[in-house]
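Observations on the three-dimensional arrangement
Chain residues, written in single-letter form:
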Amino acid sequence: MYLSSHEIARSREHALDNLLDLSAACINASQRFSELISSNSREAVHHGSRHFAQVGHGQLETMTQFPTTVWLDSAARTSRLLDGALAIIGETHKAMIRNAESQVRMLDEIVFATINRAAKSSPREAEFALQAMKGTLQSAEQTLRGISEAAIETVTLAENEIHQTTEIIAPSAPAPRRRAASSKKAAA
């Protein structure tokens, strides 16, 4: 009824691989968050310094558009930040679901091996009960696989909806650039 040393070593290796994959997904997510936040901060500083440089050089005609341009730039940056953050969270969530499913599959393999060993050394009546238990575990594993696929699909749909929402919130091209181009044509 006991597992062989090879089965124990394989289950440990599988568990460590799952832990490594989960750790890698979390580290990757934290790196991506760091890059996303730093690029968003650099962009905010760049836009702010550009506006203040215009004011410092006496370009007062931009002052009438200043609050609007700041707000539109901020909305676009915030929208991209939200979109990027939710994409990272979604991908990490999917990785966690896959990892949990893989870990459960490994545990099921251990249980199946134990049931098979017990069935070999049990009386005929107990063998039928053990086979029924094995069938129940197999159907539970298939159900878990279906639930995992549905959860991943739900996360993907949520990512798509959030992406569409952030596209609506953020203008595709900042409004100040369009106004500046039309004011240059008027001046010429």
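Since we're looking at a predicted model, the values are computed, not measured.

For the rest of this paragraph, the subject is the overall build of the protein. Helix and strand content of the protein: four helices and zero strands. Each helix and strand of the protein, ordered N terminal to C terminal, gives the series α-α-α-α. Working note: accessible area of the protein is about 12600 Å², and carbon and sulfur atoms make up 62% of it.

The next point concerns the pattern of salt bridges. Counted under the stated rule, the structure contains nine salt bridges. One salt bridge connects Glu7 with Arg117, and the closest N-O pair in it is separated by 3.3 Å. Of this pair, Glu7 sits in helix α1 (residues 5-56) while Arg117 sits in helix α2 (residues 66-120), and the two are 110 residues apart along the sequence. By relative accessible area, Arg117 is classed as partly exposed at 32%. As a salt-bridge pair, Glu159 and Lys94 come within 3.3 Å of each other at their nearest N and O atoms. Here Lys94 lies in helix α2 and Glu159 lies in helix α3 (residues 124-169), a separation of 65 residues in the sequence. Lys94 carries the same exposure label as Glu159, and that label is buried. Among the charged side chains, a salt-bridge network with shared partners connects Glu101, Arg105, Glu141 and Arg145.

The subject of this paragraph is empty space enclosed by the protein. Applying the stated criterion across every chain yields a total of one cavity of 30 Å³ or more. If you add up the space inside the largest cavity, you get close to 30 Å³. At the level of secondary structure, the elements contributing two or more residues to the lining of the largest cavity comprise α2 and α3. Sorting elements by how many residues they give to the lining of the largest cavity places α3 first, with three residues. Residues that form the lining of the largest cavity fall into these classes: one nonpolar, no polar and four charged.

Our focus in this paragraph is α3. Over its 46 residues, α3 extends 67 Å from the first C-alpha to the last, a length consistent with the 68 Å expected when each residue adds 1.5 Å. For α3, the set of buried residues is Leu130, Lys134, Glu141, Ser148, Ile152, Val155, Glu159 and Thr166.

On to the environment of Arg77. Among the structural elements, Arg77 can be located in helix α2. Classification of Arg77 as buried rests on a relative accessible area of 11%. Among residues more than four places away in sequence, those in contact with Arg77 are Asn40, Glu43, Ala44 and His47.

This part covers the environment of Arg117. As for Arg117 and Tyr2, which are separated by 115 residues in sequence, their C-alpha atoms are 7.6 Å apart. Polar side-chain contacts of Arg117 include one of 3.3 Å to the side chain of Glu7.

What follows covers the confidence of the model for the protein. Here the protein shows a mean pLDDT of 80. Residues at 70 or above account for 79%. Taken together, the stretch residues 173-188 has pLDDT below 50 and engages in nine contacts with residues farther than four places along the chain or on a different chain.

Turning our attention to the side chain of Lys134. Topologically, Lys134 is positioned in helix α3. Notably, Lys134 is buried but unbridged: the nearest opposite-charge side chain belongs to Glu127, and the N-O separation is 9.7 Å. Engagement of the side chain of Lys134 in a polar contact is seen with the side chain of Asn116, the distance being 2.9 Å. Not counting residues up to four positions away in its chain, the partners in contact with Lys134 are Phe112, Ile115 and Asn116.

Rules and cut-offs
Residues numbered from 1 in each chain as written. Predicted model: local features only at pLDDT ≥ 70, side-chain atom pairs only at ≥ 80, totals over all residues. Heavy atoms only, no water. Helix = DSSP H or I, 4+ residues; strand = E, 2+ residues; numbered from the N terminus. Areas by Shrake-Rupley, 256 points an atom, 1.4 Å probe, with all protein chains shown as cover. Salt bridge = Lys/Arg side-chain N within 4 Å of Asp/Glu carboxyl O. Buried < 20%, exposed > 50% of the residue type's maximum accessible area, 1.4 Å probe, protein only. 1 Å grid on protein atoms, 1.4 Å probe; cavity = no way out; pocket = protein on both sides within 12 Å on 5 of 7 lines; lining within 4 Å. Points joined across faces, edges and corners; volume = space filled by probe spheres on them. Nonpolar A, V, L, I, M, F, W, Y, C, P; charged D, E, K, R; others polar. Expected span 1.5 Å × (residues − 1). Contact = heavy atoms within 4.5 Å. Polar contact = N/O pair within 3.5 Å; in protein donor to acceptor, adjacent residues only side chain to side chain. pLDDT = per-residue confidence, 0-100. Lys, Arg positive; Asp, Glu negative; His and termini not counted.

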